Amino acid sequence: MRVLVGVKRVVDYAVKVRVAADKKAVDLANVKMSMNPFCEIAVEEAVRLKEAKKATEVIAVSIGPKASAETLRTALAMGADRGIHITTDLRTDQELGSLSVAKILAKVAEEESPDAIILGKQSIDGDFGCTGSMLASLMDVPQCTFAAKIDFDASTVERETDTGTEIVKFPGLPAVFTADLRLNEPRYATLPNIMKAKKKKIDAKSIEDLGVELSEGNEVLEVFEPPPREAGILVEDVDGLVDKLKNEASVI
Amino acid sequence: MIYSMCRNFADTELAPNAAKWDKEHSYPSSAVSQLGNLGLMGISFSSTYGGADLDYLAYAIAMEEVSRGCASTGVIMSVQNSLYGGPVDKFGTNEQKEKYLTPFAEGKSIGCFGLSEPGNGSDAGAASTTAVKSGSSYILNGTKAWITNAHDASAAIVFATTDKSMKHKGISAFIVDTDTPGFSLGEKEDKLGIRASSTGNLIMEDVEVPAENLLGEEGMGFKIAMMTLDAGRIGIAGQALGIATASIDCAVKYALDRQAFGSPISKLQSIQNK
């Protein structure tokens, strides 16, 4: 089984972002960037499959500027065999939408013919969480999203839902899986693997070279911070709460 | 990548435990075995002997970040890489490296460096520990003091005088298994800091060391010691930098939180001067 894993370079989860002066985007100048945490989980799952001898090759793919190559190197240091870098100068946090990303990944999948594609369930900048489903749809293959456990032998996935988990059976491979938080705990790259990663291959090509035509359906008009949280009020009892929700906040 | 990995490792695995380990004087064995798995116990050694084939810049970066998380773990790592591992790597024969470098680079065993004595610290050329040739062994007698990793080491690089008339050119270096009969440890020193790492005396009473454990040649000891310390300084400097960074981060955080006279103390002039 050959596995394709998507990795995205995003603002590090610990950074407190600020809106840029023109209010069109988040200010990314000198901000620490890292691999999207859910992508790390996806890579870890793929590498574990290789270690269990269930997968023969793990290919990492990333779409982004030159610096995305570093994100690919991290995937290689975790154990991926080679990387594919689709270069673009479009802002991957807002100018390149989920459908465009899905189209690009579909083209890469067409060329690489992986048996399984594992993505993170969402990226922590856009938080759309659509790419996996859109990709499966474009490829006309099954999708198993929010995976907390994947069993390739039984063809089942345990998915996270709002009320707990459910087990779904997928018809077979190829299929797209999106990784949720509890799927695994990603490893630290060991020094020897960091060294080996330097020698692994990364192929770079632009979106145009790939032959994908994009048209963005959405345009970001404005980016702003949420209003500062105001102090709450104490209510006497449940009736008081219901009264406020109905007559003041008008939500029931 | 080395910097991020070490930093993440230090933030997640070391920093939360550092204060407890220091307070309890407890050897951070779980952290040390993780260091071994990550390749941090043999950073600059050849992969033939379990090392990571990296350079001293990588070592310095790793030392800084690990020490920022936990200074005791940092010093254990530094002694292992530079003071113990360095001499074996640079002057050891292939057999010596297989036995005394590989398991140590993999973090399975810990080493230490025995140069200082109760009577000489800075004046390393006046080693009063002696090594007398006897058949196919050397018999070592003497005491080494303030040895980091003493209580956790399975091997020690010991410097002893083989020819007193040659003064500092008569010192030789030996790899000594710490479970050799006659080898014992002094009490663990109670230090002001880095207390999770053990410091103590190495006491040798007629310790028999096979001749094949001589490192380099007779008389090379002083040179080996000096070269090793030159490299070890880099690791310890990295450690100091890491500790200093963590201290400043801690102090700034406190200055921004701590309120006195109605506002955070960071607004007061003498705090700002710092």
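See the structure shown above.
Residues numbered from 1 in each chain as written. Chains lettered and ligands numbered in written order. Predicted model: local features only at pLDDT ≥ 70, side-chain atom pairs only at ≥ 80, totals over all residues. Heavy atoms only, no water.

## Here's the deal with the overall build of chain B
Reasoning step 1: Each helix and strand counted, chain B has eight helices and 10 strands in total.
Reasoning step 2: Relative to the 2.2 N^0.38 estimate, which gives 19 Å for 274 residues, the radius of gyration of chain B is 20 Å and therefore close to what a compact globule would have.
Reasoning step 3: The buried share of chain B, taken over its 274 residues, is 48%.
Reasoning step 4: At a minimum sequence separation of 6, the contacts of chain B that also span at least 24 residues come to 71%.
Reasoning step 5: Element-wise, carbon and sulfur atoms account for 53% of the exposed surface of chain B, whose accessible area totals about 12,700 Å².
Reasoning step 6: The distance from the centre of the 22 positive side-chain charges to the centre of the 30 negative ones in chain B is 8 Å. (Helix = DSSP H or I, 4+ residues; strand = E, 2+ residues; numbered from the N terminus. Rg over C-alpha atoms; globule rule 2.2 N^0.38 Å. Buried < 20%, exposed > 50% of the residue type's maximum accessible area, 1.4 Å probe, protein only. Contact = heavy atoms within 4.5 Å. Areas by Shrake-Rupley, 256 points an atom, 1.4 Å probe, with all protein chains shown as cover. Lys, Arg positive; Asp, Glu negative; His and termini not counted. Charge placed at Lys NZ, Arg CZ, Asp CG, Glu CD.)

## Focus on unusual backbone geometry
Residue and element names in this part refer to chain A.
Reasoning step 1: That bond from Leu173 to Pro174 is cis: its omega, 0°, falls within 30 degrees of zero.
Reasoning step 2: Looking at where Pro174 falls in the secondary structure, it is placed in the loop between β9 (164-169) and β10 (175-179).
Reasoning step 3: Positive phi, close to 60°, is recorded for Lys53, a residue that is not glycine.
Reasoning step 4: Residue Ser250 is not a glycine yet carries a positive backbone phi of 55°.
Reasoning step 5: Its place among the elements puts Ser250 in the segment after α7 (238-248).

## A short note on a negative patch on the surface
Residues and elements named next belong to chain A.
Reasoning step 1: Together, Glu236, Asp237, Asp239 and Asp243 make up a region of like negative charge exposed at the surface.
Reasoning step 2: By secondary structure assignment, the location of Glu236 is in the loop between α6 (207-210) and α7.
Reasoning step 3: Of the residues examined, Glu236 reaches a relative accessible area of 79% and is grouped as exposed. (Patch = residues over 30% accessible without salt bridge, like charges linked within 9 Å, V, L, I, M, F, W, Y side chains within 5 Å. Salt bridge = Lys/Arg side-chain N within 4 Å of Asp/Glu carboxyl O.)

## Section: the pairing of strand β8 (residues 156-161) of chain A
All names here are of chain A.
Reasoning step 1: Bridge count between strand β7 (residues 143-151) and β8: four bridges; the pairing is antiparallel. Bridging from a neighbouring strand, Lys149 pairs with Glu158 of β8.
Reasoning step 2: Hairpin connection between β7 and β8: a loop of four residues separates the two successive antiparallel strands, and Ser155 in this loop has a positive phi of roughly 55°.
Reasoning step 3: Of the pairings in the sheet, the one linking β8 to β9 comprises six bridges and is antiparallel in character. Counted as the bridge partner of Glu160 is Thr165 from β9.
Reasoning step 4: Turn length for the β8-β9 hairpin, with the two strands adjacent in sequence and antiparallel, is two residues. (Pairing = 2+ DSSP bridges.)

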